[in-house]
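Take a look at the letters that make up each chain.
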Amino acid sequence: MTLPMTRRLLLPLAALLVGGAAGCVDLKETPISGITSSFYSTPSGFEAAVNSMYTPARTHWPLERGSTMTVFGTDEFTNGADGSYKFFNTYSAQLNGDVDFLRDTWRDFYQGINTANTVIDAAATVNLPDAQKSLRVGEAKFLRALYFFTLVRTYGAIPLPLTPTTGVVTETTREPVAKVYEQIIKDCQDAIAALPDKAAQFGRADRPAAQYLLGEVYLTRAGGDGTQDPLPPSPDFALAAEQLQAVVDNPRFGLLAQYKDNFDIQNEGNKEVVWAIQFTNDPLTTGDGNKLHLYFTAAYDLEPGMLRDIANDRPFRRFKPTPWQLGYAGFPGIWDKTKDARYEQMYKVVWISNNPNNIPKDASGNPKYNVGDTAVYMPGVDYTAAQKAAVRYKIYGPSDYTDAMFPTLNKYLDPTRTSTNQEPGQRDLVLFRLDNAILMLAEAYWRDGRSDLAVPLINRVRERAAKPGMTAAMDITIADLDAGGINFILDERARELTGETTRWFDLKRTGKLIERVQLYNAEGKNNIKPFHLLRPIPNQEILLSNGSLTQNPGY
Amino acid sequence: MKRRLITVSLLSACALLLPATRASAQGTTGGITGVITGVESNQPIQGVRVTVLGTQLTVTSNPQGRYTIAGLAAGMYRLRASAIGYTPVIVDSVPVRAGQVANADIALRHQTVELEKVVVVGYGTLAKRDVTGAVGSVAAEQIKQIPTTNAIEAIKGRVAGVDITSTGYKPGDGVRVRVRGQRSLKASNDPLYVLDGIPMAGGIGDLNPGDIQSIEVLKDASATAIYGSRGANGVVLVTSKKGQAGAMRSTFDTYYGIQDITRRVEVFDAQGYADYKREAYRNPNSVAAGKQPIYTCGGVAGSPETCPEGDALTFYTEELNAMKNGTFTDWQDLISRRGSQVSNQVSVTGGNERNQYAVSGNLLKQIGVTQAQDYDRKQMRVNYEGQARDRIRVGGSVLLVRSLQRLSRGDGLYSEAIADTPLSVPYDSAGNLVFKPTPDAQRDNPLADANNWLNDNLRNRVFGTLFASVDLLPGLAYRANFGPDLTFERNGQFIGAQTQANQGAGNQAEIRNRRTFDYTLDNLLTYKRELGRIHKIDATLLYSIEKQTFEGDSTRGQNFVYESGIYENLGGAANVERIGSVISQWALQSYMARLNYTLLDKYLLTLTTRVDGSSRLAEGNKYATFPSVALGYRVLDENANQRFGPLNSLKLRGSYGTTGNTSVDPYQTQGGLTRTAYSYGGAPGFGYRPGSLPNPALSWEKTATVDVGLDFGLFDGRLTGTVDGYRANTKDLLMDRQLLLWTGYSSITQNVGATRNTGIEVALTGITLDGWHGIHWTNDVTFSKNKNEIVSLSNGQLADPGNGWWVGQPINNPNSNSDNHVWYDYKFDGIWQTADSAQARSFGRKPGEIRIVDANGDGKFNASDKVILGNTYPKWTGSFSSRLDYRGFDVSLQAITRQGFMVRNDLQRGNTLAGRYNGPAVNFWTPSNPSNEAPRPDKNTENPVFGDARGYEDGSFVKIRNITVGATIPPRLLTRVGAQSARIYFTAQDPWMFTNTSVLDPEGQTGNGVPIFRTLLIGGSFGF
């Protein structure tokens, strides 16, 4: 080969290599489908961050997690046949810092807090009218307060981040409970100042919601750590009353005609709702949905003449009413069923046959009844064998109740689901309702020595619950209240608010959790100890904190 | 700047390698010429190096096989002709006279000796005797022998250190391949697959095994470092069949096989189920306080005979009817069937000296052993190579594949069949399918699922390669490769009303589309030169880019008015449940240099270095260098007839190098926002919350491997073998480091922690009989032992039970069903017996319930009693293959084994014994049957407490993988039908397994899914 030939070949070769290198791929990454945090400085990004602050509310109370942590291990409910979280009811050693519910609660609410912090931080720079920014920061402070409030009641002293996280953090400190409450109260006050009386969109935070929250915060702070009964006086009771009175007096709100109207799924957003976690029937916007319809439901579908259908719901049989609540096994029950309509309005005790293939046959081989007739009935009292034999359908007296078959709380049943096993429900979860505000206001007044103001409030709720002609009979007197005291108030709250994801905290703030579990919850009474007034910090968090976090005592 | 420097150094490097131009000799000289042909093919061979021994003169044969040497002084000369893949030939005494050209034609014979095999080593080939790294090689014949849908399965048990396990037995199901263990906690542990030089994303499952010429597995760092950032998990090089010069030759390969399930879950039969359900209802735990237990008619505990009312309270009407009528159902039988697999392939190859081609087409269809499951693949391949000019060669290939995998409810069909009560019937008296055999709300007839549940995976793939090579100077060549790879996948799912998921109401459909476009562009410069018999140089320079774009979209709707539209009518949905699309891109840019140097044909040196830049890593950390060095010493060279006792060849090898891993998802360094949904009174409120924390420091995961090996031959090559020992340390693991949750983030991808793999591999081949009375008998054995362990975790932690990682234990992938596990659970300790009631009570348990070991001895059972029970990594694996040939008949056998690993029997864990569902028949505890195997059935316990502790078993097994008997028809019998060759064979694939486990398959099916099956097939291979 000659030199020119070599050159002729070398040149294009060099060109190729150099060209290849020069025209090389760009290794810079540019996300297209995804988006990074610079988005928050734009108006639409800012609004997107605001929207996502609300989501952690959806992943707690309306799911098994939030209900398990508030319904279980109380006087109202004990564990049914199924489910993996019975230790929240039995307070056994399985209730420890490894439990995913405790980790996820911590994680999700802090995620919401970080998002709220991001909103508050971004408001300084985002190009929006000041009025709009102030409104959104008000929403952020309301939600941040709500999430801190839930965390501090659950875990005690907690980290208190008030600015967005920007880098890896390896250590932390638990701020004292008092300091956390100060921040919550400040956030609530800011929210009350910033928010309108009625939000432009239903479901967003507004002033009454913030007032309700602040009222409950004061009432709870006054309750201390849950070990004191009776409670010492506190200026917080008057402060709580002030906020709750504003809610109760707000002309936007009023009690519905009948107690059960609150649970009519066609009647959402009614005048008794102060603030509700929102769901829809659109799978794109509803997320996991409200799943509480699953957990209170008895295993009716294993009964003769029955099969599972949409109207009767999907029976997870997690939460079983205690004998104390329903009144058997030596307990009188919390309702005076002769005049109080609430038990009948909130409990499903009749199942109508929907399965022709499974109807029991009589002696001559004919079905005992037809589809559309009663298949199962829970009369609330025990029948004799003769009485049972006299009816065609199956009778469950209280002593027949099992862990799988018991009266089913109907507050959450969702007949609008489109298939039998569909878990997401579209029912809004009313977190703040007027009847609860009235009862808390009454409690605040009573604590503050104003039984005269408390009794008319309690009677307002009780009268609405009366059976026809029994309105006056439902009334109580100042003497009744002063005699019954906090036990009466808690009983009344149970009568009105059974299963509504407040009970565990109600018992804790009144110093009655341990006493009432020991008295009324057969499964939990042997294990519950004072240390159970706080839930364990997630062990994962402790492990990651380089020793800067310590576990709550007892766990 | 860095880029330019590298380019400059590349150019100067090649300038150094250019030989000085030599003036041709003048005067009274002569020459030698001749044509080199192959003995077997009688075709000219190009590229043969002809050396005039005793001089520096070397020439190469042209495409016509002709070589010409000029400028020789008159005299006698000795020539040596050598080419890769052929035995070198020395021609003595070629007389050259002045002014004349002597003729010396040479015939070369294909090399047959094992050590002389040519192996593909990535960006080139090498004679096996020159290889310094650890490379395993599998030939076409061995691949073809295993009738599998996935070509990679064919090398199972063929290469020491390569652990291949099935991940399921549904038609078209995949396999898991681990080369020398696994090293990554988060990044991929899959090897890199390369077809004809082009990386094949997502494995070689689309490839037809019949098109494969050879598969090489690169194991050590010296071999894999040329793939730099992609090489840490080993590299699988696939070489496809190419055309040969010569007459057109066509072959027809066909087989048809039947497939039958070899193991099934032994569930309670009708009687056993009835007894078990009665016991569940009889259990005092099932009885409400103050109530009479069932089967206590008149207050006296009784039996079903003395108290028939108990049965009425226990069983569904349907079950009572079944007991009365004796109509029972074996649901597993009902959804199983005889499967089949058929493959037909036509290949045409041919060409002349300048142009060669290969064309093939393949149709494969597998009818699964389970109702409603099958796999269908159609495939075509065209391969062309041609000599454009004397120095320029071009070629290309196109692979077209379309496959459809239909899975219905998948493994769930068996979940249903196992759980359904045998006391029921699938069809009513009119022969109609009964959707609900009993009223139980969770159960249905699995045949209804088979009919109304669709899960179809359609894949269309176009994979091309294109190359051009130029011989620049003697020994110096430039080659460009371009490889585009397009994959279109569509997953269509439809779940009708009459399915377990929907229980008679509602339906859902979803379509997911995935489009992947990947291309590779390589610029390669190679230089080969022998300097006398002292120095031999083989150098390679590479500049390469690879880029991938992935796009996906999906739509899911529910409540369609008519079901016949399946997933092809998404517009008919009453609600759109989900809609989405995504794009992600990554790119890799690489420079590589490799030098193979041989000194005195005895000392071997391989130096490689690769510089990779990855878009997936953070700015400033995108580039990394992966160097390696390997040394070889040919102690005994059989070519030189050296021997020491029975040893006639021996080569020592040692290598050290680093490789990397960037197999994290793109955009990890940037952080991102997570989309959320809310609604305000029905008005949508979509949002974005802070999702992941950016890590601007994300860098390479690196593995440093040291490998020491030796290759040896004994008894004149009758026994050859390879032994390798290695240790691979992986550091800066790409790992999701968990963050303090109160920060609002859960994890960040960081480089933390380290893992280590240490192992030994042995591969032996023995030619036991070589022509003894016409019998050829060869036996192969492989043995591999790998120890995998985590060396360190983030923050100096020793244990991370949250992630399931412990220092000193192997890598655990608790979130993947198909990957390796370390089992961390309660230790089963039998059943609480009546005599131990008091002790049981102190633990809060009762007789008949599961007893576990109180590991920390605190007298309580809680989470701190969990212990590490074992793991799924085998202590060792091995294989044995044997082949015997006698006068046109051949018999072969392959067996594989994995020993010393623990499987979790998910059948037992899921066996709730609540009297509601059927499950594996177990000897459960009753007051009169003090069993220590299974707890007492309890109607009110959905999951027996500590039920997870049951079912951990030793998974060791030996499988007879393949037995084949074949007969080659003598050519004289074929001429009348126009055929040139024919072979008929019978194969039994996976005929037997020997194991003590009770799972369906300790390798790939430890739960209640599609069972393992055997294939019996007959096939033929005909050449025309």
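Just so it is clear, the structure is predicted and the values come from calculations on it, not from any experiment.

Definitions and limits used
- Residues numbered from 1 in each chain as written.
- Chains lettered and ligands numbered in written order.
- Predicted model: local features only at pLDDT ≥ 70, side-chain atom pairs only at ≥ 80, totals over all residues.
- Heavy atoms only, no water.
- Helix = DSSP H or I, 4+ residues; strand = E, 2+ residues; numbered from the N terminus.
- Rg over C-alpha atoms; globule rule 2.2 N^0.38 Å.
- Buried < 20%, exposed > 50% of the residue type's maximum accessible area, 1.4 Å probe, protein only.
- Areas by Shrake-Rupley, 256 points an atom, 1.4 Å probe, with all protein chains shown as cover.
- Lys, Arg positive; Asp, Glu negative; His and termini not counted.
- Charge placed at Lys NZ, Arg CZ, Asp CG, Glu CD.
- Contact = heavy atoms within 4.5 Å.
- Phe/Tyr/Trp six-rings, centres within 6.5 Å; stacked < 30°, edge-to-face > 60°.
- Lys NZ or Arg CZ within 6 Å of the ring centre and 35° of its normal.
- Core = buried A, V, L, I, M, F, W, Y, C linked by side-chain atoms within 4.5 Å.
- Buried area = accessible area lost by both parts, 1.4 Å probe.
- Salt bridge = Lys/Arg side-chain N within 4 Å of Asp/Glu carboxyl O.
- Polar contact = N/O pair within 3.5 Å; in protein donor to acceptor, adjacent residues only side chain to side chain.
- Nonpolar A, V, L, I, M, F, W, Y, C, P; charged D, E, K, R; others polar.
- pLDDT = per-residue confidence, 0-100.

**A word on the overall build of chain B**
Broken down by element type, chain B carries 11 helices and 53 strands. Computed over its C-alpha atoms, the radius of gyration of chain B comes to 33 Å, within 12% of the 31 Å expected for a compact globule of 1024 residues. Seen through its C-alpha atoms, chain B measures out along the principal axes to roughly 125 × 70 × 65 Å. Looking at chain B as a whole, 55% of its 1024 residues qualify as buried. A total of about 40,900 Å² of accessible surface is found on chain B, and carbon and sulfur atoms cover 55% of it. Looking at chain B, you have 105 positive and 94 negative side-chain charges, and the mean spots of the two groups are 6 Å apart.

**Description of the side chain of Asp420 of chain B**
All names here are of chain B. Mapped onto the secondary structure, Asp420 falls in the loop between α8 (412–419) and α9 (446–452). The class for Asp420 is buried, based on a relative accessible area of 3%. Setting aside residues up to four positions removed in sequence, Asp420 forms contacts with Trp331, Arg443, Asp444, Asn445, Pro446 and Asn918.

**What to know about the packing of aromatic side chains**
Tallying each qualifying case throughout the model produces 53 aromatic pairs over all chains. By the ring-pair criterion, three or more aromatic residues cluster together here, those being Phe72, Phe77, Tyr295, Phe296, Phe316, Phe319 and Tyr412 of chain A. The ring of Phe488 of chain A has Arg495 of chain A lying over it, and the distance from NZ or CZ to the ring centre is 5.4 Å. Stacked on the ring of Tyr726 of chain B, the Lys or Arg Arg180 of chain B has its end atom at 3.9 Å from the ring centre.

**Quick notes on the nonpolar core**
In terms of nonpolar packing, the biggest core is built from 154 residues, with Phe88, Phe142, Ile184, Trp275 and Phe432 of chain A touching the most fellow members. Ignoring any residue separated from it by four or fewer positions in sequence, one finds Phe432 of chain A in contact with Phe142, Leu146, Ala209, Tyr212, Leu213, Glu216, Val273, Val274 and Trp275 of chain A. Among the nonpolar cores identified, the runner-up in size contains 26 residues, and Ile143, Ile146, Val162 and Ile164 of chain B belong to it.

**Describing the interface of chain B and chain A**
Contact with chain B, which involves 95 residues of that partner, is made by 96 residues of chain A. Summed over both partners, the interface of chain B with chain A comes to about 8,000 Å²; 61% of that surface belongs to carbon and sulfur atoms. When the buried area of chain B at its contact with chain A is split by residue, Tyr678, Tyr680 and Trp742 of chain B rank highest and sum to 12% of it. Taken together, the links from chain B to chain A amount to zero salt bridges. Linking chain B with chain A are 17 residue pairs in polar contact (both at pLDDT 80 or more), by the criterion used here. In terms of residue count, the dominant contributor to the side of chain B that touches chain A is strand β27 (residues 573–599) of chain B (13 residues). Class assignment for the residues of the side of chain B that touches chain A results in 45 nonpolar, 35 polar and 15 charged.

**A few points about unusual backbone geometry**
Look at the link from Asp229 of chain A to Pro230 of chain A: it is a cis peptide, with omega at 5°. Tracing the sequence through the fold places Pro230 of chain A in the loop between α9 (207–222) and α10 (235–249). Look at Thr501 of chain A: it is not a glycine, yet its phi comes out positive at around 55°. For Thr501 of chain A, a relative accessible area of 6% translates into the label buried. In this structure, Arg887 of chain B takes a positive phi of about 45° despite not being glycine. Structurally, Arg887 of chain B can be placed in the loop between β47 (876–886) and β48 (889–899).

**Some points on the confidence of the model for chain B**
The predicted coordinates ought not to be read in detail in places where the model reports low pLDDT. All names here are of chain B. Averaged over all residues, the pLDDT of chain B equals 84, while 94% of them reach at least 70. Between residues 1–26, whose pLDDT stays under 50, and residues either more than four places distant or in other chains, the model counts 31 contacts. Our summary of model confidence lists the complex with pTM equal to 0.78 and ipTM equal to 0.89.

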